[in-house]
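A structural walkthrough
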Amino acid sequence: MSDPLAADPPYDPGFPATTPAVTFDSGGARLLGVLHVPAGPGPHPVVVLLHGFPGNERNFDLAQALRRAGYAGLVFHYRGSWGVGGTYSWTHVLEDSAAVVAGLRDLAAAHRLDPGRLAVVGHSLGGFAALMTAAADPSVKAVASAAGFDLGAAAELCAAEPKARAGYVEAFDGELDPLRGTSGQALVGEMEAAGDTWRLAGLAPLLAGRPVLLIGTGRDVVTPHEIHHDPLVAAYRAEPVERLEHHLFPTDHALSDHRVALARTIIDFLRRAL
């Protein structure tokens with residue numbers, strides 16, 4: 001197999017690579033997605049890519065790299081984001097992620113997919129949603145989180161430090177342009193109401209038997225690794241999550257100068273996991 005980060009695969013006239021637009025129903029809204037189907041008869045393993053808040057980095061580079069490596073990659077938008085109907089909330093992000101994982105089974109035959117080899121990969125808030133989705137759905141065979149945002153840990157910080165709470169409200173308010181039906185206060189309030197039920201360390205028993213990849217970011221002011229990555233690694237090692245893989249990259253929240261390293265790490269992980 002050629003290096004998926006350096007070369008395109010050969011054209012297959014019988015089963016060419018395609019990039020169809022797809023939709024999913026969730027909570028009365030129609031979610032919009034793009035599926036990156038590899039060449040070849042398949043059926044291909046499939047990876048759901050969950051973007052963060054609000055979704056300025058949507059990881060299409062990962063979807064393309066995964067396709068070149070033989071994986072179908074799906075990118076989609078949550079309710080209330082980027083022109084999709086409905087209202088935005090953390091709960092809706094979780095519901096939408098679960099609905100898309102379930103809905104991919106209906107697309108399997110039409111797009112040469114193997115839903116029995118399905119992984120979920122997320123960045124930032126998407127990392128939180130990926131781990132929560134996998135914990136709730138045993139059919140997810142592997143899960144990866146990059147610069148994951150631990151809403152439970154953030155809620156604890158809000159309770160302990162009013163200044164930190166005000167900082168989250170202000171930060172969330174500054175990212176609302178592509179979203180509808182929410183506010184910084186509403187998002188922080190929802191996070192606080194969920195509390196420890198959204199703490200990612202508590203998912204360790206539900207993930208213990210599956211491959212899990214955690215990637216932290218060492219120059220990250222959005223999800224500092226001391227709060228959002230290191231405690232999670234410690235909790236999963238203690239469970240233990242026996243197929244845990246973890247890395248700390250010296251990069252920023254968007255992994256701006258580590259996109260090749262990110263893609264290669266995820267692809268190598270999935271080759272072992274699926």
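First, a word on scope: everything that follows refers to the structure included in this document. (Residues numbered from 1 in each chain as written. Predicted model: local features only at pLDDT ≥ 70, side-chain atom pairs only at ≥ 80, totals over all residues. Heavy atoms only, no water.)

**Some points on the sheet that holds strand β2 (residues 29-36)**
The 8 strands are arranged β1-β2-β4-β3-β5-β6-β7-β8 in an open sheet whose pairing can be described as mixed. Both outer strands of the open sheet, β1 (21-26) and β8 (244-249), are each paired with one neighbouring strand and no more. This sheet shows a mean twist of 20° between the axes of neighbouring strands, independent of strand direction. Packing against the sheet, helix α9 (residues 230-238) makes contact with β7 (212-217) and β8, and its axis sits at approximately 160° to β8. (Pairing = 2+ DSSP bridges. Helix = DSSP H or I, 4+ residues; strand = E, 2+ residues; numbered from the N terminus. Axes fitted to C-alpha atoms, helices over the stretch in contact; angles between N-to-C directions. Contact = heavy atoms within 4.5 Å.)

**Points about the side chain of Thr223**
Following the sequence through the fold, Thr223 ends up in the loop between β7 and α8 (225-228). Reaching out from Thr223, the side chain makes a polar contact with the side chain of Asp220 at a distance of 2.5 Å. A polar atom in the side chain of Thr223 sits 3.2 Å from the side chain of His253. In this structure, Thr223 is in contact with Ala147, Gly148, Phe149, Thr217, His228 and His253, ignoring residues within four places of it in sequence. (Polar contact = N/O pair within 3.5 Å; in protein donor to acceptor, adjacent residues only side chain to side chain.)

**Focus on the packing of aromatic side chains**
Under the counting rule described, the total for this entry stands at 9 aromatic pairs. Summarising the aromatic geometry, the rings of Phe53 and Trp90 are spaced 5.4 Å apart at their centres and angled 65° between planes, so their arrangement reads as edge-to-face. Note that Phe53 is positioned in the loop between β3 (44-50) and α1 (60-68) and Trp90 in helix α2 (residues 90-111), a separation of 37 residues in sequence. Comparing Phe53 with Trp90, the two get one shared label, buried. Through a chain of ring-to-ring contacts, the aromatic side chains of Phe53, Tyr88, Trp90, Phe149, Tyr168 and Phe172 assemble into a single cluster. Looking at Arg58, its charged tip hangs above the ring of Trp82, at a distance of 4.0 Å from the centre. (Phe/Tyr/Trp six-rings, centres within 6.5 Å; stacked < 30°, edge-to-face > 60°. Buried < 20%, exposed > 50% of the residue type's maximum accessible area, 1.4 Å probe, protein only. Lys NZ or Arg CZ within 6 Å of the ring centre and 35° of its normal.)

**Remarks on empty space enclosed by the protein**
Per the stated rule, a full pass over the model turns up 3 cavities of 30 Å³ or more. Along its surface, the largest cavity is lined by Ser145, Ala147, Gly148, Leu200, Leu214, Ile215, Gly216, Thr217, Thr223, His228, His229 and Leu232. The dominant element in the lining of the largest cavity, judged by the number of residues it contributes, is β7, at 4 residues. Split into classes, the residues belonging to the lining of the largest cavity amount to 5 nonpolar, 7 polar and no charged. Of the pockets and cavities examined, the second largest cavity occupies roughly 50 Å³. Residue lining of the second largest cavity: Leu49, Leu50, Asn59, Leu62, Val121, Gly122, His123, Ala146, Leu262 and Ile266, and that is the complete set. Only β3, β5 (113-123) and α10 (259-273) provide two or more residues apiece to the lining of the second largest cavity. Residues that form the lining of the second largest cavity fall into these classes: 7 nonpolar, 3 polar and no charged. (1 Å grid on protein atoms, 1.4 Å probe; cavity = no way out; pocket = protein on both sides within 12 Å on 5 of 7 lines; lining within 4 Å. Points joined across faces, edges and corners; volume = space filled by probe spheres on them. Nonpolar A, V, L, I, M, F, W, Y, C, P; charged D, E, K, R; others polar.)

**Brief notes about unusual backbone geometry**
In the segment running from Gly42 into Pro43, the intervening peptide bond is cis, with an omega of 0°. Within the secondary structure, Pro43 is located in the loop between β2 and β3. Cis geometry is adopted by the peptide bond preceding Pro240, which originates at Glu239 and carries an omega value of 0°. The phi dihedral of Ala147 falls on the positive side, at around 50°, and the residue is not glycine. For Leu255, which is not glycine, the phi torsion reads 50° and is therefore positive.

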